[in-house]
Amino acid sequence: MNNMPELKIGVVAVSRDCFPESLSVTRREALMRAYTEKYGADEIYECPICIVESEIHMVQALEDIKKAGCNALVVYLGNFGPEISETLLAKHFDGPKMFIAAAEERGDNLIQGRGDAYCGMLNASYNLKLRKVKAYIPEYPVGTAEECADMIHEFRPIAKAVIGLNNLKIISFGPRPLNFLACNAPIQKLYDLGVEIEENSELDLFEAFHKHDGDERIPAVVKEMEEELGAGNKKPEILQKLAQYELTLKDWIEEHRGYRKYVTIAGKCWPAFQTQFGFVPCYVNSRLTAQGIPVSCEVDIYGALSEFIGTVVSEAVWWG
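Conventions used here
Residues numbered from 1 in each chain as written. Predicted model: local features only at pLDDT ≥ 70, side-chain atom pairs only at ≥ 80, totals over all residues. Heavy atoms only, no water. 1 Å grid on protein atoms, 1.4 Å probe; cavity = no way out; pocket = protein on both sides within 12 Å on 5 of 7 lines; lining within 4 Å. Points joined across faces, edges and corners; volume = space filled by probe spheres on them. Nonpolar A, V, L, I, M, F, W, Y, C, P; charged D, E, K, R; others polar. Axes fitted to C-alpha atoms, helices over the stretch in contact; angles between N-to-C directions. Helix = DSSP H or I, 4+ residues; strand = E, 2+ residues; numbered from the N terminus. Parallel < 35°, antiparallel > 145°, perpendicular 65-115°, else oblique. Left-handed = near helix turned anticlockwise from the far one by under 90°. Contact = heavy atoms within 4.5 Å. Salt bridge = Lys/Arg side-chain N within 4 Å of Asp/Glu carboxyl O. Buried < 20%, exposed > 50% of the residue type's maximum accessible area, 1.4 Å probe, protein only. Phe/Tyr/Trp six-rings, centres within 6.5 Å; stacked < 30°, edge-to-face > 60°. Pairing = 2+ DSSP bridges. Right-handed = clockwise from strand over helix to strand, strands pointing away.

Participant: Just to check I follow, could you spell out the layout of surface pockets for this structure?
Facilitator: Any empty space left between the atoms is revealed when a probe the size of a water molecule rolls over them. The space that makes up the largest pocket amounts to roughly 380 Å³. Split into classes, the residues belonging to the lining of the largest pocket amount to nine nonpolar, three polar and five charged. One number sums up the size of the second largest pocket: a volume of about 260 Å³. Contributing to the lining of the second largest pocket are 13 residues, with N71, D94, G95, N167 and K261 lying nearest its centre.

And the structure:
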């Protein structure tokens, strides 16, 4: 299963109608060349519509990037942009957004081809605040095409983390063990991040585990584990139970993910787990984590959240 967000960044250039639109378009094209030459074209899309003052252009650009499947947005001020239309675009775009601006590359820009995107960036920042629109703005958001390309690349992990959190469900099996107060999770902050949480008891998990007794898929998973462990297979007698547990968790995910795209698990491995299930789940947890389904122990919900963010940002996943 693909449990990690995929990214497609839409780049929209803006310009004021009293300034030359061609300057923004030319700079957008230079930015796209710089990005694709250095980082490739797989995750980025150039919107052909330049927003020039009109809110109608904003709607057209929004529809275009949605149709292209973009889930992240870069508003690029190649010129002094229209603060109303450009911030409305950010407001109505459902996903992470970033604002950057073009530096004046030539000394004659303010005479023949007026730019002044730096000043436009200040106006955009103020209007975003007025509209309470959250957008990522680099520490110094003005640069050449190459510098702005690097800014967009640095935006990638931030955008992926935001997309992941907005589509994440954490499934927990508890309660937390005695003397593990640090694993207690205040749920409000999860909701503030856009994360869904489903809390279950160990008894729910125990029942689901036994419903998988004799599952016909177990031998195939056992064989996979044997091949993976090789000489490290020191307790072959418990592989069947481990395979049964892995299938239990994967089926639970599919049955309980609801409308969420991504899932992480906050599980538990002691004290009663060992005696009742007959094993500790650490090996299964590591297998799931390696497949892009982060699992934390001791019902550590925020640990599971951190694991997910770290996996998304680092892209440290192999697909087994």
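Participant: Please clarify how the packing of helix α3 (residues 83-92) against helix α4 (residues 117-131) should be interpreted in this entry.
Facilitator: Packed helices, taken two at a time, are described by the angle their axes make and the gap between the axes. At a minimum axis distance of 9 Å, the contact between α3 and α4 shows a crossing angle of 50 degrees. By the angle between their axes, α3 is oblique relative to α4. Relative to α4, α3 is oriented so that their crossing is right-handed. In contact with E83, I84, E86, T87, L88 and A90 of α3, α4 contributes G120, N123, A124, N127, L128 and R131. Tallied by class, the residues present in the contact of α3 with α4 amount to five nonpolar, four polar and three charged.

Participant: Looking at this structure, I do not really get the pattern of salt bridges. What am I missing?
Facilitator: Side-chain pairs of opposite charge can arise whenever the charged atoms involved come near each other. In this structure the tally under the stated criterion is 12 salt bridges. D215 is paired through a salt bridge with R217; the nearest N and O atoms lie 2.8 Å apart. Accessibility expressed as a relative area gives 33% for R217, which makes it partly exposed. Residues E254 and R257 are paired through a salt bridge, measuring 3.2 Å at the closest nitrogen-oxygen approach. Classification of R257 by relative accessible area gives buried; the value is 13%.

Participant: I keep staring at the packing of aromatic side chains and nothing clicks. Help me out?
Facilitator: What describes a pair of aromatic rings is the distance from one ring centre to the other and the angle between the planes of the rings. Enumeration over the complete set of coordinates arrives at 15 aromatic pairs. Taken together, a centroid distance of 5.2 Å and an interplanar angle of 75 degrees make the contact between F173 and W252 edge-to-face. Highlighted residues: F173 in strand β7 (residues 168-174) and W252 in helix α9 (residues 239-256), separated in sequence by 79 residues. According to the relative accessible area criterion, F173 is buried, its value standing at 2%. Taken together, the ring pairs in this structure connect F206, F209, Y245, F273, F277 and F279 into an aromatic cluster.

Participant: Just checking my understanding: could you explain the pairing of strand β5 (residues 97-102) for this structure?
Facilitator: In summary, the side chains of a regular strand alternate between the two faces of the sheet. Counting buried residues in β5 gives six out of six residues, a clear majority hidden from the surface. Burial along β5 is two-sided: K97, F99 and A101 facing one way and M98, I100 and A102 facing the other are all buried. Summarising the sheet, strand β4 (residues 72-77) and β5 pair through five bridges and their orientation is parallel. Across the sheet, the residue bridging to V74 is M98, located in β5. Of the crossover connections in this fold, the one passing from β4 over α3 to the parallel β5 is right-handed.

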